[in-house]
Every structure is written in structure tokens, then in C-alpha cells.
Amino acid sequence: MKGGFFRRMLMPDSNIYLWIIGISVLIIGYYNLLAGLVGTLILVYLIYYNVNQKVQKKEELRLYIEKLSENVDFATKNAILNLPFPLVICDEEGNISWYNSLFLNMFQGDYLLNENVCNYLPGFDLDVVLKEGKREFKNTSVKDRYYDLYCEPFDISEDDDEKRIIIIYLVDKTEYVLLKNRYLEEKNVVAIMEVDNLEEVLKDVEEASQPVILADLDRIIGSWAALHNASIQKYANGEYILHFSQKQLSIIEEKRFEILDTIREINSGNKIPLTLSIGVGVNGKTHAELQKFAKSAMDIALARGGDQAVVKNYDKLSFYGGKSKAVEKRTKVKARVIAYALRQLIEQSQDVLIMGHEMPDLDCLGASLGIYRCCKNHNKPVRIVLNKVNASIENLWAELREDQEYDDAFISGDDALLYDSKGTLLIMVDVHRPSFTAKPELINKIEKKVIIDHHRRGTEFVDDAVLTYIEPYASSTSELVTEILQYMFEKPKIKQIEAEALLAGIFIDTKNFSFQTGVRTFEAASFLRRAGADTTLTRQLFQDNMDTFLARADVVKRAQMYRNNIAISYIPQNIDNPALIAAQAADELLNIKGINASFVLSQMGGYIYISGRSLGDINVQVVLEKLGGGGHLTVAGAQLSGISIEEAINMIKNAVDEYLKEGER
């Protein structure tokens, strides 16, 4: 600013000089009239000259600017015409009004004027540009090449009409995209393969057939690895580690890991079909991280019952297979180890909290009471987190209310948050998904957590649990807890109501020993019977009143058939105990000839709950996992929000179609 001031002082405007001359002429005229007249004439001439010069300079400046604008316009037009990348201009409706030669060459000289630009640029969305202001479209495929599209709308005037045009230019990114795709395709993938039930199968065949089975395994898996250009290393009978490219993984995923079906079809004298579990690690930053992903994926596959493949890509999990029932493990070694570890954790804790899922059933509450007795036998303060009583457990709850010992046995989720985070042990039963628990916030607060569950593991999980016991082969969590009780104490002490609650949990999840029932299920029931459980009283714990029975019958009546063997029904609003009726109605529908699977929907608290049941031919767990749910092959559930019953039914149908389509591949 100072520079400008001094410049104005040294080079003042010509008007100032004229004013000075004018004042000087007045002074001279005062003393000499003739000299004043001469000075006046000179001043008039100078004023005329000054005005004329200013007009002339303005005209010269105007001509210079007009010529410069012409040059700029010519340079701009020339630059646009000779841009080194394709360019096209269209109107608001997408009709092409101009393009350069490079754009024309892309389409081999087609006549493009007045054609819609979206027909030639598949990844371009004109509505998004005009309404949402999007200006870039990355990696758009055009004629087997890849382009980044950049666009800019302009408002122009033409014949007094305002119109908008969109300029689109394309930057060729083909080499970059191909190089990136090649890099991704050639990235290393680690897979761990393990035969789930090799020990059980070998025990059931003649000794001469065992080497044949092992040889068939090695031959089939080796051939499959060679087919996909994979390196394979066998580190134990039925256990392998493979390395192959991500491109081969895409092919394997496209075929839905057909090796699972091939292994299951091995028939070399074995009566029990072999099942294979696969854990795949993808996109790890290092080989160690890939190995970690693969191991984590394998743990999830085994926790879900085996006979399936799990692909772990950071936090994303993909599931394949899981068509067969989990094979019961005859050995109880793991149950004994878990019981010993749990006893130590209980003894080392200041307090114990037991938490099930948000809407507990008899299996959840029965298992909670079994763990409650374990803690009481160790003289540890213990409470069961329970927010509200629902129809599924109200009969058992009424029995518990008659015993004063249970007056202080239960606590709400909000009160449980007041417990010490470090000195308290949280034991989760019949649930492993944080969002399904009675108080999810409690999981983040308590440091030491234990999970005991029989549901197949889903993508949502408590990763920092100090002890995890998930066995999908088990009939119920009550069965697992009963085994823990037997191994935790030499002579377990358990009250009759607790034994009956555990037995009721087994009853309800096995549908009176007709589903998911193994030898260990009957052994657990036998122990509970010896502990004082009365089967007659146990049956009374899940008796229904007449209104519930009639409501269940109405749901069965309104069921609609889908694909000839799947029943879908729903519970009308304003019906008491909708979740209980839905579960019972889903079970009841399976008693009808020709129905292999059933889905019953209920509404409660702004949510739609789905109960899925199957006879085994259709895996309802896989179906409902597509809707964010989970469970077992024959028993599963899901929870939806923000949609109507009709929309939920359509979602189930789409999930069933997708499941059946995958099974046909």
C-alpha cells in the first residue's frame, strides 16, 4: 500500500496539473489581465487535449481487450479441439451435442449426435450429476478399457434462452486398472484344511480300510490343490495348509468350495461321511497376518459345526457349505478341560454375573441356573442378569418365586453396570452375539468374560473372551452346562428346581428328544433325572394356556406354502406372547406332511422376529444368516426392523431362492 501511495505522489493524475495551472492563471490575471487571457486560452487548449487523449486511450484499450479476447477464445477453442483425451458435450437430457475426434474413435466412427450419452458411457449417471452434484466416476468400463470420467455442468444463453450443458472428459486408466487387478489376482492366500471327524470315522471302520480312507483323502485334496495351482503341505493326518493366488480363490468361491461335497462323498468302507472344514485368510499385510486370518477363519468354521469353508478378509467373513448337521463328539475331554478352567476363573473372581439373551427361553434360564449353582457351590456372590420375564419362562419363574433363595438371585441389566469391571466375571450363556444379550453395554465394561453356547458362530462375536465353549453339536446350552456341573464337582449338589430347569432346556431345544439329539444328550438327561428332576413337573414348565394354543392353531391355519415344501406364516398384531407362539407354530408346521421347513414372523416393540425350523433338508441357519440372523441347521432365528410383515416375507422368499440357487451350483 505504501508503494502505491508514493507512486501516486510521484506520478499524479493530469487533472491535478490542470488545477494548478488554472489557479496560477487566476493569480496572473489578477495582476496582468492580458497575460491572464493568454493563460486562459492555453488552459482551455490543455483541457481539450487532456480530454481527447483520455478518450483515445480508452478506445485503444477497448480494441486491445477485444483482440485479446478473440485470441483467448481462439486458443481455448483450439485447446478443446486438440485435447489429448476424449471429450463429449451433452444437454440436460443426455443428448450428445458435440464431441472431439478421440471420443468418436472410441466408437469406431458411429453417428453419435443427438444420441444419449448414457448408452455409450455405462458408468455415467446424469441424474446424480445434476441432482447430487457428483463430478467424478472412477474406473468406468468402456469398450474393454477403463476411464475416469470428469464432468462439469455449465449454464449458457442461446437465443435469449437459458440452457445447461454438461462437458464430460475421459481419462484413460486402463493400464493402472489392469496392473491393479493383476496385483490383486496374484496376491497370496493361505488356507487351512482339516477333516472334522477323521478320528471318529477311522474308529468305525476295519483296520484294513483306514489306510485306504487316508489315501483317498490325500489324493482328492492333492488333486484339488493341483487344479488350482496351489502348493500344499500335510502336517498331520487329515490336516493341510495350502497357498494359492487370490484369482484361484475367486474361482473356488464361484464353485462354492465344491471340495466340501467331494470329501463328503468318499465311501471307502466308512459308515460315517467325512466332513471338511476350511479356513481361508485373505488380504493380510504380511504372511503372519494371513496365517492369523486363516486360523481365525478355521476356528469360526469349527465353532459353526464344521463341514464348511470360512473366508476371512479383515473383518469381513464369507461362509460356504454347512449343509450337514454337526457331528457329535463322543469324547468329553473338552468338557472336562472347560469345567476345570471355569472353576479356576470363578474362584479367582470377586463376583460373578450370568447373562443370557434379551428374550430368555427355558434353555437360557436353565443354563443360567446351572452356572448359578456352580458359583454357589464355590461360595461366590452370583447374580443372573434378567430385565423382564416373558411367556417362555413364566412357569419356571413362578416356581422360582416360591423359593426364597432366588429372591436375590436376579438383577437388572442397569444395576449390573454398577459392578466392578476388573473383579467381576461375566458368564454369557446360550448367546455369543453382543447385540442379542440382555445388556450389551455390560460386555464392554467387564474385562473377564466367558461364553458357553451351542449356536453356530456368526460374524458378530466377543473376541476378547478369556474362555469360549461353543459346541454346535450339542442339543442345548443346558446340556453343555450339565456336563460342566458333572466335571466341576466330584459329587455335584444341585436343587431339584435347577435340575428340572436344565432338563426343560434340553426338552425345549430338542423338541422332546426328536431334534439335534445325541448320546451325550441322553447322558445329560440321565444325570439330571438322578439329581431329582421330575419329568412330569418338567413338562409342566412349558405347558400353554388355551389362548396360546388357539393363537398357535390360527398361525398354522394362515400359513402359505412356498416352493411346495416351505411354510411361511405370521402372527397378527395385538396377540399376547408373539415370540413364544411363533416358535411353537414353526415347530407345529413341521408336523404337517410335505413341509420340510417353516418360517413364522411376529411383531414386537418395532421389530419383526423370525422363527425358522427345518427337518434337515433345508439349512434354516444359512437362510436366516442372509437376513442377519443365525442359529442351527434345523433351528434358527432373525430380527428385522423398519419394514412391514409383507416386506419381511418377501425377504425370506428371496433368501430361500438365493440359498437354493447356491445349492444348485
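Residues numbered from 1 in each chain as written. Predicted model: local features only at pLDDT ≥ 70, side-chain atom pairs only at ≥ 80, totals over all residues. Heavy atoms only, no water.

### What to know about the pattern of salt bridges
Consideration 1: Taken as a whole and judged by the stated rule, the model has 27 salt bridges.
Consideration 2: Taking the shortest distance from any N to any O, the salt bridge between K495 and E405 comes out at 2.9 Å. Taken together, the residues span a long stretch of sequence, with K495 in the loop between α17 (477-488) and α18 (496-510) and E405 in the loop between α14 (394-401) and β14 (410-411) at a distance of 90 residues.
Consideration 3: Judged by its relative accessible area of 26%, K495 falls in the partly exposed class.
Consideration 4: Residue E405 is classed as partly exposed on the basis of its relative accessible area of 30%.
Consideration 5: Between R520 and E483 there is a salt bridge whose closest N-O contact spans 2.6 Å. A residue pair is termed long-range when its members are at least 10 positions apart, and R520 in helix α19 (residues 519-530) and E483 in helix α17 qualify at 37 residues. Accessibility assignment for this pair places R520 and E483 in one class, buried. (Salt bridge = Lys/Arg side-chain N within 4 Å of Asp/Glu carboxyl O. Helix = DSSP H or I, 4+ residues; strand = E, 2+ residues; numbered from the N terminus. Buried < 20%, exposed > 50% of the residue type's maximum accessible area, 1.4 Å probe, protein only.)

### Points about the pairing of strand β13 (residues 382-385)
Consideration 1: Taken together, the four bridges between strand β12 (residues 351-355) and β13 define a ladder with parallel strand orientation. Bridged to M355 within β13 is V385.
Consideration 2: Note on the crossover from β12 through helix α13 (residues 362-377) to β13: the handedness is right-handed.
Consideration 3: Pairing of β13 with β14 involves two bridges; the strand directions are parallel. Across the sheet, residue V385 finds its bridge partner in β14, namely I411. (Pairing = 2+ DSSP bridges. Right-handed = clockwise from strand over helix to strand, strands pointing away.)

### So, the confidence of the model for the chain
Consideration 1: Confidence in the prediction for the chain averages 86 pLDDT; 92% of positions are at 70 or higher.
Consideration 2: Within the chain, the element-level pLDDT minimum falls on helix α1 (residues 2-10), averaging 49, and the maximum on strand β15 (residues 424-429), averaging 96. (pLDDT = per-residue confidence, 0-100.)

### Quick look at the UniProt feature "binding site: Mn(2+) 1" (unreviewed entry) in the chain
Consideration 1: The UniProt record annotates "binding site: Mn(2+) 1" (unreviewed entry) at H357, D361 and D430. In summary, the annotated positions, though distributed over 74 residues, converge in three dimensions, the widest C-alpha pair being only 9.5 Å. Checking the named residues against the largest cavity, the ones that line it are H357.
Consideration 2: Assignment of secondary structure puts D361 in the loop between β12 and α13.
Consideration 3: For D361, the residues in contact, after removing those within four places along its chain, are S392, I393, D430 and D509.
Consideration 4: Inspection of the secondary structure puts D430 in the loop between β15 and α16 (440-445). (UniProt positions renumbered as here; feature names shortened; annotations may be inferred. 1 Å grid on protein atoms, 1.4 Å probe; cavity = no way out; pocket = protein on both sides within 12 Å on 5 of 7 lines; lining within 4 Å. Contact = heavy atoms within 4.5 Å.)

### Examining the side chain of S478
Consideration 1: Within the secondary structure, S478 sits in helix α17.
Consideration 2: Relative accessible area serves as the criterion here: at 0%, S478 is assigned to the buried category.

### Section: the packing of aromatic side chains
Consideration 1: Counted by the stated rule, this structure contains 13 aromatic pairs.
Consideration 2: Their ring planes at 45° and their centres at 5.9 Å tell us that Y372 and Y406 sit as a pair that is tilted. With a gap of 34 residues between them, Y372 in helix α13 and Y406 in the loop between α14 and β14 connect regions that are remote in the sequence.
Consideration 3: Y372 sits in the buried class, given a relative accessible area of 2%. (Phe/Tyr/Trp six-rings, centres within 6.5 Å; stacked < 30°, edge-to-face > 60°.)

### Considering empty space enclosed by the protein
Consideration 1: Overall, the coordinates contain two cavities of 30 Å³ or more when judged by the stated rule.
Consideration 2: Taken together, 13 residues form the lining of the largest cavity, with G356, H357, P360, V385 and L386 sitting closest to its centre.
Consideration 3: The set of elements that each furnish at least two residues to the lining of the largest cavity consists of α13 and β13.
Consideration 4: With three residues, the single largest contributor to the lining of the largest cavity is α13.
Consideration 5: In terms of residue class, the lining of the largest cavity is made up of seven nonpolar, four polar and two charged. (Points joined across faces, edges and corners; volume = space filled by probe spheres on them. Nonpolar A, V, L, I, M, F, W, Y, C, P; charged D, E, K, R; others polar.)

### Digging into the side chain of E471
Consideration 1: Examined against the element boundaries, E471 turns out to sit in the loop between β17 (467-470) and α17.
Consideration 2: A polar contact of 2.9 Å, which involves the side chain of E471, links it to the side chain of K334. (Polar contact = N/O pair within 3.5 Å; in protein donor to acceptor, adjacent residues only side chain to side chain.)

### Some points on the nonpolar core
Consideration 1: Within the largest apolar cluster, 57 residues are counted, with the highest numbers of intra-cluster contacts made by L342, L369, I371, L396, F410, I427 and I452.
Consideration 2: Among residues more than four places away in sequence, those in contact with L396 are L362, L365, L369, I497, A501 and L541.
Consideration 3: Formed by 34 residues, the second largest nonpolar core is a distinct cluster that contains L217, L242, F257 and V311. (Core = buried A, V, L, I, M, F, W, Y, C linked by side-chain atoms within 4.5 Å.)

### Quick look at helix α21 (residues 546-557)
Consideration 1: For α21, built from twelve residues, the straight-helix expectation of 16 Å at 1.5 Å per residue is met to within 8% by its first-to-last C-alpha distance of 16 Å.
Consideration 2: Along α21, the positions that sit buried rather than exposed are T548, A551, R552, V555 and V556. Looking down the long axis of α21, one finds its buried residues gathered within 140° of arc, a one-sided arrangement. Exposed residues on α21 whose side chains face more than 90 degrees from its buried face are M546, D547 and K557.
Consideration 3: Where α21 is buried, its residues contact β19 (566-570), α22 (578-589) and β20 (597-604).
Consideration 4: Between a side-chain oxygen at the N-terminus of α21 and the backbone nitrogen of D547 the separation is 3.3 Å; the capping residue is N545. (Expected span 1.5 Å × (residues − 1). Arc of directions from axis to C-beta.)

### Topic: unusual backbone geometry
Consideration 1: Positive phi, normally seen in glycine, also occurs at K511, with a value near 55°.
Consideration 2: Structurally, the position occupied by K511 is in the loop between α18 and α19.
Consideration 3: Its identity is not glycine, yet N564 carries a phi of approximately 75°, on the positive side.
Consideration 4: Within the secondary structure, N564 is located in the loop between β18 (560-562) and β19.
Consideration 5: Take N564: its relative accessible area is 73%, and that puts it in the exposed class.

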